[in-house]
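Descriptive structure summary
Given next are the chains, with one letter for each unit.
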Amino acid sequence: MPMKTFLTVLAASAALLPAPIPAKPAPAKTAATAQGMVSAADPRAAAAGAEILKAGGTATDAAIATMLALGVVEPQSSGLGGGSYWVRHAARTGRIDAIDARETAPAAAGPTWFYAADGTPLSHADAVPGGRSVGVPGAIRGMALAHRSGGKLPWAKLFEPAIRLARDGFRASPRYVNAVASYGAHLTPESRALATRPDGSAYAVGDLVRNPAQAALLQRLATRGADSFYVGPEAQKLVATVNGAARNPSKMTTGDLASYDAKPRTPVCIAYRANRVCSMAPSSSGGLTVLMILKQLERFDMTGLGKDNPTAWHLFAESSRLAYADRNMYVGDPDFVKVPVAGLLDAAYLRSRSMLISPTATMPNVSAGTPPGAPPRIEAPVSEVAGTTDLAVADRAGNVVEVTTTVEGPWGSGLALDGAVLNNQLTDFDIVPVAKGADGTGYLVANRVEGGKRPRSSMAPTIVYGPDGKVRLAVGAAGGSTIIAQVAKAIVGVVDWHLPAQDAIGLGLVYAPGPVATLEADTAVAAMQPALAALGERTEIAPLGLKANAIEWKGGRWVGAADPRSEGVAIAEDGTVTRPARIGAAANRPSE
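Presented here is an overview of the structure given in this document. (Residues numbered from 1 in each chain as written. Predicted model: local features only at pLDDT ≥ 70, side-chain atom pairs only at ≥ 80, totals over all residues. Heavy atoms only, no water.)

1. Regarding the nonpolar core
For clarity, the cut-off: Only buried residues count toward a nonpolar core, which is a set of Ala, Val, Leu, Ile, Met, Phe, Trp, Tyr and Cys residues joined through side-chain atoms within 4.5 Å. Here the term buried applies to any residue with accessible area under 20% of the maximum for its type, exposed to any over 50%, and partly exposed to those in between, with areas from a 1.4 Å probe on protein chains only. Numbered from the N terminus, helices here are DSSP runs of H or I no shorter than four residues, and strands are runs of E no shorter than two. By definition, residues are in contact when any of their heavy atoms lie within 4.5 Å.
Ranked by size, the top nonpolar core spans 92 residues in total, and within it Ile 491 and Trp 558 carry the most contacts. Of the residues forming this core, the biggest block, 11 residues, is contributed by helix H14 (residues 310–330). For Ile 491, the residues in contact, after removing those within four places along its chain, are Val 277, Val 290, Leu 294, Thr 462, Val 464, Leu 473, Val 475 and Asp 496.

2. Quick notes on the packing of helix H2 (residues 43–54) against helix H3 (residues 59–73)
Note the threshold: For every element, the axis is a line fit to its C-alpha atoms; helices are fit only across the contacting stretch, and the angle between N-to-C directions ranges from 0 to 180 degrees. Any angle that falls under 35 degrees is termed roughly parallel, while one over 145 is termed roughly antiparallel, one within 65 to 115 roughly perpendicular, and all others oblique. Left-handed describes a crossing whose near helix is turned anticlockwise from the far helix by less than a right angle; the clockwise case is right-handed. All residues other than Ala, Val, Leu, Ile, Met, Phe, Trp, Tyr, Cys, Pro, Asp, Glu, Lys and Arg, Gly among them, are scored as polar; the first ten of these are nonpolar and the last four charged.
Following both chains from N to C, one finds H2 and H3 inclined at 155°, their axes separated by 8 Å at the closest point. Here H2 is positioned roughly antiparallel relative to H3, judged by the angle of their axes. Crossing angle aside, the handedness with which H2 passes H3 is right-handed. Contact residues: H2 offers Arg 44, Ala 45, Ala 46, Ala 48, Gly 49, Ile 52 and Leu 53, while H3 offers Ala 59, Asp 61, Ala 62, Ala 65, Thr 66, Ala 69, Leu 70 and Val 73. Here the residues of the contact of H2 with H3 sort into 11 nonpolar, two polar and two charged.

3. Details of the sheet that holds strand E19 (residues 538–542)
Spelled out, the test is: What makes two strands pair is DSSP finding at least two bridges between them.
In space, the three strands of this open sheet follow the order E17-E18-E19, with mixed pairing throughout. In this open sheet, the two strands that pair with only one neighbour each are strand E17 (510–511) and E19. Taken together, the five bridges between strand E18 (residues 516–520) and E19 define a ladder with parallel strand orientation. Bridge pairing in E19 places Val 516 opposite Arg 538.

4. Concerning the pairing of strand E9 (residues 389–394)
Counting buried positions along E9 gives six out of six residues, so the element sits mostly inside the fold. Burial of the side chains of E9 extends over both faces: Thr 389, Leu 391 and Val 393 are buried on one face and Asp 390, Ala 392 and Ala 394 on the other. Pairing of E9 with strand E10 (residues 400–406), which is carried by six bridges, proceeds in the antiparallel orientation. Bridge pairing in E10 places Ala 392 opposite Glu 402.

5. Remarks on the pattern of salt bridges
Using the following cut-off: Salt-bridge detection follows one rule: a side-chain nitrogen of Lys or Arg within 4 Å of a carboxyl oxygen of Asp or Glu.
All chains considered together, the criterion is met by 30 salt bridges. Salt-bridge contacts for Lys 547 lead to Glu 74; the nearest nitrogen and oxygen are separated by 3.2 Å. Placement of the pair is Lys 547 in strand E20 (residues 547–554) and Glu 74 in the loop between H3 and strand E2 (83–89), with a sequence separation of 473 residues. Given a relative accessible area of 2%, Glu 74 falls into the buried group. The partner of Asp 326 in a salt bridge is Arg 353, and the shortest N-O contact between them spans 3.4 Å. Of this pair, Asp 326 sits in helix H14 while Arg 353 sits in helix H16 (residues 347–354), placing them 27 residues apart in sequence. For the residue pair Asp 326 and Arg 353, the accessibility class agrees, reading buried in each case. Three or more residues are tied together by salt bridges with common partners; here these are Asp 100, Lys 263, Arg 265, Asp 333, Asp 335 and Arg 454.

6. Let's talk about the pairing of E20
Within E20, seven of the eight residues are buried, which leaves it mostly tucked inside the rest of the structure. Across six bridges, the pairing between strand E16 (residues 471–478) and E20 is antiparallel. When the sheet's bridge partners are listed, Val 475 is paired in E20 with Ala 550. Looking at chain direction, E20 and strand E21 (residues 557–562) are connected through six bridges and run antiparallel.

7. Some words on the packing of aromatic side chains
We apply this condition: Two rings from Phe, Tyr or Trp (for Trp, the six-membered ring) form a pair when their centres sit within 6.5 Å of each other. Planes less than 30 degrees apart are called stacked, planes more than 60 degrees apart edge-to-face, and all others tilted.
Within this structure, the stated rule accounts for 10 aromatic pairs. A ring pair is formed by Tyr 176 and Trp 411, whose centres lie 6.3 Å apart and whose planes are at 75°; its orientation type is edge-to-face. On the criterion of sequence distance, the pair formed by Tyr 176 in helix H7 (residues 174–183) and Trp 411 in the loop between E10 and strand E11 (416–417) is long-range, its members being 235 residues apart. A residue is classified by how much of its surface remains accessible, and Tyr 176, at 1% relative accessible area, is buried.

Below you can see the structure in the form of structure tokens.
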């Protein structure tokens with residue numbers, strides 16, 4: 001997607017030398033007596049997770065309950081018809097793991113999946129609505145995999161809060177109402193029933209929203225288990241829905257669903273100053289890109305500069321440009337393309353990239369580098385849009401879970417199955433599979449469409465270990481490719497600027513995936529525009545649809561943080577709510 005178009009979407013949605021690090025962090029024994037904590041983008045979902053913690057559930061149990069509830073109260077952002085990425089810390093062993101529950105393309109998908117009958121590629125906007133953008137949903141299989149390895153309470157118990165919300169109803173929030181009004185144009189008559197009153201009229205803030213079809217689906221999954229979504233009547237109904245879509249019908253089969261698996265992945269980790277930062281591995285690009293941004297900044301005195309110094313934000317922007325360029329060039333599904341993970345995180349390579357950054361001038365041009373082991377590639381246009389939701393959980397034993405989950409764009413494909421929105425995740429692929437180099441040679445792009453492949457994502461659930469080897473911070477975000485910048489900014493805020501996680505999340509953002517940096521409107525960074533221009537930065541000021549969540553270990557307890565731009569809160573297992581002061585009218589702004 002062209003940058004101007006992406007920023008238009010964001011603006012509209014916002015109108016909504018490192019110390020030695022141990023190979024494995026020590027178990028967080030100090031957290032064993034602290035009560036659990038949940039941070040999520042909606043208070044009803046955070047309450048669902050806190051309920052499960054109070055019932056003796058683990059952080060994994062609470063994360064599942066929170067995800068399920070988010071799918072009810074934020075159906076425009078996530079749900080059963082979408083996918084997710086998990087990063088988890090186990091307190092007893094100190095082990096960190098990751099789960100890739102990203103959607104996959106049907107086996108029939110190929111290089112021209114998003115081409116019109118005349119042989120020309122569809123625009124991103126034309127590719128989204130209907131069946132062809134729908135990937136095999138991974139959310140439920142991801143939850144099941146997580147529960148088998150980290151759950152304690154019965155599977156069905158975790159569904160109870162979400163079933164109540166869908167059956168008995170919840171009050172429409174400003175964000176929910178705006179999501180329907182601003183982003184619901186591609187909803188079909190069937191899916192529009194999720195977003196409007198029974199008579200078809202628009203919901204008002206405070207209206208009771210019920211979703212009996214979703215309640216019934218949740219009850220079936222609670223009783224029959226995750227596999228019932230992937231085989232049998234439910235799978236047949238999903239296939240019929242996407243293949244029979246009036247726009248862009250798919251060629252999905254029940255075999256595509258039956259063969260889907262969520263995959264364990266090894267998180268990517270780096271040493272950053274005296275900390276160890278671990279994030280999601282490919283198929284997501286988010287974790288790698290966050291780590292590259294941080295490592296390229298490490299030679300600069302970010303602490304001495306401080307958050308109010310334009311030079312600090314200039315350095316952040318320059319490091320972002322370099323990392324995004326490498327991300328766009330090299331990252332795709334590692335089961336299909338060679339992703340030079342070790343090369344991209346190679347210390348010598350990242351230092352060479354960092355040496356391109358000057359604190360007194362802006363690079364005239366930015367292009368991808370050639371990390372060790374990199375195959376020949378050509379960068380393709382990026383088509384990811386803002387969307388998604390995030391949650392962070394810690395339990396009383398010190399287990400920590402960070403999950404980012406999504407249906408991709410607002411209301412996904414516009415299709416729904418039994419009250420659940422179906423994703424448009426496949427439009428995260430690069431629609432045109434071949435790009436030409438300067439010599440005219442065509443190169444296959446890493447993120448091209450292939451059957452069974454997972455599209456690249458920016459989601460970056462991240463856990464930071466402090467110098468003592470114990471969990472210091474868990475953070476993630478929503479908002480398309482801004483996720484990467486949001487998470488990197490939050491970590492710089494906590495580690496370099498010694499801010500509480502809440503304040504780090506609330507900082508304004510400088511988002512620079514390319515030559516032009518967007519300064520978040522109505523924040524301190526926007527006022528730095530003249531000073532940044534003096535450093536050679538090309539900038540524009542615009543609202544950004546941001547939505548981050550975090551928990552941190554501070555003062556001998558877990559402290560929750562939620563984005564002041566969102567409706568999110570943090571809730572402890574005893575029910576204590578931490579509600580951030582909102583930024584202006586941000587509570588009414590969607591970050592889808």
